[in-house]
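Coordinates in review
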Amino acid sequence: MTLGGWAVGGSLGITDEMLDMVATEYGRRARLRIVDWQLLVDENQSLSEEEKLQVTNQFFNQNRFVDDITHWKQSDYWATPIEFLATYGGDCEDFAIAKYITLRALDIPEEKLRITYVKALRLNQAHMVLTYYRQARAIPLVLDNLDQKILPADQRTDLQPVYSFNAEGLWLAKMRSEGQKIGTANDINMWRDLVVRLQRERGDK
């Protein structure tokens, strides 16, 4: 299966050509960060699913939080993982998307992962996290850049869910259950734009 041309389930499919492009556009250190990302996926395939969550969450949470206006001069921009890592930062959407794509490459099934749009109640602002369901209708675990610990959703009383999605669907979100399916991720303009840029990074037409 692929996501915007990206291989999922065992590989990121990063080529020397892609690494050279990153080095040219962002510099040598950026190239090294992409190599580290590939190594993360290559070297952790044999871990348990929850161990994969831990190493992925830790890897991406080392990056800086930077709002879109400051970082991209746009009010809302969903960066690809390469853009996120190459520039060593992004906002909550970028953290969640990068973790999602990485865990798919680590062969965690699509149906267990949701990118979840929430309201961060303490901050009184929109926020995005990645949620992981051990099984259907289970209370999901929350991977968040605001909290380094991966906690069950019922322990994250500071988050109020709004909707969730993955490459296969769009749901009205409930942190304690799957929620009502209302469409596909392609109904989200920002997601469609992200997929186009993922394809472009790989040189797909």
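These lines cover the structure that appears in this document, whether it is placed above or below. (Residues numbered from 1 in each chain as written. Predicted model: local features only at pLDDT ≥ 70, side-chain atom pairs only at ≥ 80, totals over all residues. Heavy atoms only, no water.)

**Description of the overall build of the chain**
A tally of regular secondary structure across the chain gives seven helices and 11 strands. Taking 17 Å as the expected radius of gyration for a compact globule of 205 residues, we find that the chain reaches 16 Å, a close match to that expectation. For the chain, the spread of C-alpha atoms along the three principal axes comes to 45 × 40 × 30 Å. Expressed as a percentage of the 205 residues in the chain, the buried residues total 50%. Contacts spanning at least 24 positions in sequence make up 56% of the contacts within the chain whose residues lie at least 6 apart. Taken as a whole, the chain presents about 9900 Å² of accessible surface, with 46% of it coming from carbon and sulfur. On the chain, the mean spot of the 25 positive side-chain charges and the mean spot of the 30 negative ones are 3 Å from each other. (Helix = DSSP H or I, 4+ residues; strand = E, 2+ residues; numbered from the N terminus. Rg over C-alpha atoms; globule rule 2.2 N^0.38 Å. Buried < 20%, exposed > 50% of the residue type's maximum accessible area, 1.4 Å probe, protein only. Contact = heavy atoms within 4.5 Å. Areas by Shrake-Rupley, 256 points an atom, 1.4 Å probe, with all protein chains shown as cover. Lys, Arg positive; Asp, Glu negative; His and termini not counted. Charge placed at Lys NZ, Arg CZ, Asp CG, Glu CD.)

**Regarding the nonpolar core**
Ranked by internal contacts, the top residues of the largest apolar core, which has 45 residues, are Ile34, Trp37, Leu53, Leu103, Ile115, Phe165 and Trp191. Per-element tally for this core: the top contributor is helix α6 (residues 92-105), with nine residues. If you look at the next biggest cluster of nonpolar residues, it comprises six residues, including Ala120, Val129, Val142 and Leu159. (Core = buried A, V, L, I, M, F, W, Y, C linked by side-chain atoms within 4.5 Å.)

**Side note on the packing of aromatic side chains**
Scanning all chains against the criterion turns up nine aromatic pairs. On the basis of an interplanar angle of 15° and a centroid distance of 6.0 Å, the ring pair of Phe60 and Phe84 is categorised as stacked. You can see Phe60 sitting in helix α3 (residues 49-60) and its partner Phe84 sitting in helix α5 (residues 81-86), a full 24 residues away along the chain. Of the two residues, Phe60 and Phe84, both sit in the buried class. Connected via pairs of aromatic rings, a cluster forms that spans Trp78, Tyr100, Tyr117, Tyr163, Phe165 and Trp191. Positioned above the aromatic ring of Trp171 is the side chain of Arg114, whose terminal nitrogen or guanidinium carbon lies 3.4 Å from the ring centre. (Phe/Tyr/Trp six-rings, centres within 6.5 Å; stacked < 30°, edge-to-face > 60°. Lys NZ or Arg CZ within 6 Å of the ring centre and 35° of its normal.)

**Details of the side chain of His127**
Summarising the element assignment, His127 is placed in strand β6 (residues 125-132). Within the structure, His127 has its side chain in polar contact with the side chain of Asp144 (distance 2.7 Å). Look past the residues within four positions of His127 in its chain and what remains in contact with it is Cys92, Thr116, Tyr117, Val118, Ala120, Asp144, Asn145, Leu146 and Leu159. (Polar contact = N/O pair within 3.5 Å; in protein donor to acceptor, adjacent residues only side chain to side chain.)

**Considering the environment of Ala86**
Summarising the element assignment, Ala86 is placed in helix α5. Judged by its relative accessible area of 4%, Ala86 is buried. Sequence separation between Ala86 and Lys119 is 33 residues, and the spatial gap between their C-alpha atoms is 28 Å. Apart from the residues within four sequence positions on either side, Ala86 is in contact with Val22, Tyr26, Ala30, Arg33 and Ile34.

**Section: the pairing of β6**
The buried fraction of β6 amounts to six of the eight residues, a majority that puts the element mostly inside the structure. Sheet analysis places strand β5 (residues 113-120) next to β6, joined by eight bridges and oriented antiparallel. For Lys119, the partnering residue across the bridge sits in β6 and is Ala126. Linking two consecutive strands that pair antiparallel, namely β5 and β6, is a turn of four residues; a positive phi of about 55° is found at Asn124 within it. (Pairing = 2+ DSSP bridges.)

Any functional reading would require information that these geometric values do not contain.
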